[in-house]
Amino acid sequence: MKFSIRKSGKEETLLRGCRENDSRSQRELYQQWAPKMLGLCLRYVKDRSEAESVMTGGFLKIFERIDQFSGEGSFEGWMRRIMVNESLTYLRQHKHTFMMVDAEEASLEVSFENAEQNLQTEDLMAMIQRLPDGYRTIFNLYAIEGFSHKEIAEKLEISESTSKSQLSRARSLLQQQLARHNKLIEKQAI
């Protein structure tokens with residue numbers, strides 16, 4: 001059984017125009033999706049100008065390979081995979097290694113009581129951005145993009161156990177940041 005998502009007429013027209021190398025369609029597609037794709041690239045590449053460069057390269061690949069999009073699944077999902085792969089390629093090319101943090105520092109237990117009341121999306125994204133590159137990359141791939149540890153290991157050419165330990169340490173560091181955030185909120189409330 002094949003699974004396909006029905007595309008809107010406007011999306012089909014836009015995709016057809018892009019397949020025909022129509023610059024207007026390409027510009028419209030870029031303008032429609034660039035903000036969201038830049039946000040995705042920024043989760044992996046901290047520097048905004050570098051993330052914009054990665055995103056631009058991703059869009060070039062999208063336009064070059066648009067004929068490879070079969071129409072099965074979502075077009076957004078297809079684009080996201082290209083952007084994630086472009087971001088990972090950038091990290092590999094710029095030799096961002098999977099930095100280790102002292103395991104003792106990353107293994108403190110933290111309470112999450114009242115966390116949802118004090119944490120905004122922007123705060124969480126900022127906390128993720130402060131993670132070391134390797135931790136941030138694996139956290140994004142696993143928790144946000146939904147890749148399995150096996151898929152992450154293959155993509156990053158690391159072992160599954162490295163992926164699991166990096167995710168565990170990323171979560172621990174996020175918990176520590178959350179605890180500091182909650183203490184700050186509590187102090188402000190006094």
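The structure under discussion appears in the preceding block.
A. The overall build of the protein chain, seen in detail. The helix and strand tally for the protein chain stands at 9 helices and 0 strands. Moving toward the C terminus, one meets the helices and strands of the protein chain in the order α-α-α-α-α-α-α-α-α. Relative to its 190 residues, the protein chain shows a buried fraction of 42%. Intrachain contacts of the protein chain at a sequence separation of at least 6 include 72% that bridge at least 24 residues.

B. Representation of the packing of aromatic side chains within the structure. Under the definition given, this model contains 5 aromatic pairs. Between Phe-69 and Phe-75, the aromatic rings sit 5.1 Å apart at their centres with planes inclined by 70 degrees, giving edge-to-face as the arrangement. The two residues Phe-69 and Phe-75 agree in class, both being buried. Here the aromatic rings of Phe-75 and Trp-78 are separated by 5.6 Å at their centres, their planes lie at 25 degrees, and the arrangement is stacked. Of the two residues, Phe-75 and Trp-78 both sit in helix α4 (residues 75–93), 3 residues apart, roughly one turn of that helix. Here Trp-78 falls in the buried class, since its relative accessible area comes to 11%.

C. Up close: unusual backbone geometry. A positive phi angle, close to 60 degrees, is found at Asn-21, a residue other than glycine. Within the secondary structure, Asn-21 is located in the loop between α1 (9–19) and α2 (23–44). The phi dihedral of Glu-157 falls on the positive side, at around 55 degrees, and the residue is not glycine. Tracing the chain through its elements places Glu-157 in the loop between α8 (149–156) and α9 (160–189).

D. Structural view of the pattern of salt bridges. Applying the stated criterion to the full structure yields 8 salt bridges. Here Glu-145 ties to Arg-43 by a salt bridge, and the two come within 2.2 Å at their closest N and O atoms. Pair noted here: Glu-145 is in the loop between α7 (133–144) and α8 and Arg-43 is in helix α2, with a separation of 102 residues, a long-range link. Arg-43 sits in the buried class, given a relative accessible area of 10%. Of the charged contacts in the structure, one is a salt bridge between Lys-61 and Glu-86, with a shortest N-O distance of 2.5 Å. Remark: Glu-86 occurs in helix α4 and Lys-61 occurs in helix α3 (residues 48–65); sequence separation between them is 25 residues.

E. Representation of α3 within the structure. Over its 18 residues, α3 extends 25 Å from the first C-alpha to the last, a length consistent with the 26 Å expected when each residue adds 1.5 Å. Tucked into the core, α3 has its buried residues touching α1, α2 and α4.

F. Highlighting the nonpolar core. Judged by nonpolar contacts, the single largest core of 45 residues is most densely connected at Phe-59, Ile-62 and Phe-75. Residue assignment for this core shows that the elements contributing at least two residues are α1, α2, α3, α4, α6 (121–129), α7, α8 and α9.

G. Spatial organisation of the side chain of Gln-177. With respect to the element layout, Gln-177 can be found in helix α9. Gln-177 gets classed as buried once you look at its relative accessible area, which sits at 9%. Apart from residues lying up to four places away in sequence, Gln-177 is in contact with Met-127, Arg-130 and Leu-131.

H. Layout of the packing of α2 against α3. Between α2 and α3, whose axes approach to 9 Å, the crossing angle comes to 135 degrees. The angle between the axes of α2 and α3 places the two elements in the oblique class. Seen along the crossing, α2 lies across α3 with a hand that is right-handed. Listed contacts from α3 to Gln-26, Leu-29, Tyr-30, Trp-33, Ala-34, Met-37, Leu-38, Cys-41 and Leu-42 of α2 are Arg-48, Ala-51, Glu-52, Val-54, Met-55, Thr-56, Phe-59, Ile-62 and Phe-63. Tallied by class, the residues present in the contact of α2 with α3 amount to 14 nonpolar, 2 polar and 2 charged.

Reading the values: rules and limits
Residues numbered from 1 in each chain as written. Predicted model: local features only at pLDDT ≥ 70, side-chain atom pairs only at ≥ 80, totals over all residues. Heavy atoms only, no water. Helix = DSSP H or I, 4+ residues; strand = E, 2+ residues; numbered from the N terminus. Buried < 20%, exposed > 50% of the residue type's maximum accessible area, 1.4 Å probe, protein only. Contact = heavy atoms within 4.5 Å. Phe/Tyr/Trp six-rings, centres within 6.5 Å; stacked < 30°, edge-to-face > 60°. Salt bridge = Lys/Arg side-chain N within 4 Å of Asp/Glu carboxyl O. Expected span 1.5 Å × (residues − 1). Core = buried A, V, L, I, M, F, W, Y, C linked by side-chain atoms within 4.5 Å. Axes fitted to C-alpha atoms, helices over the stretch in contact; angles between N-to-C directions. Parallel < 35°, antiparallel > 145°, perpendicular 65-115°, else oblique. Left-handed = near helix turned anticlockwise from the far one by under 90°. Nonpolar A, V, L, I, M, F, W, Y, C, P; charged D, E, K, R; others polar.

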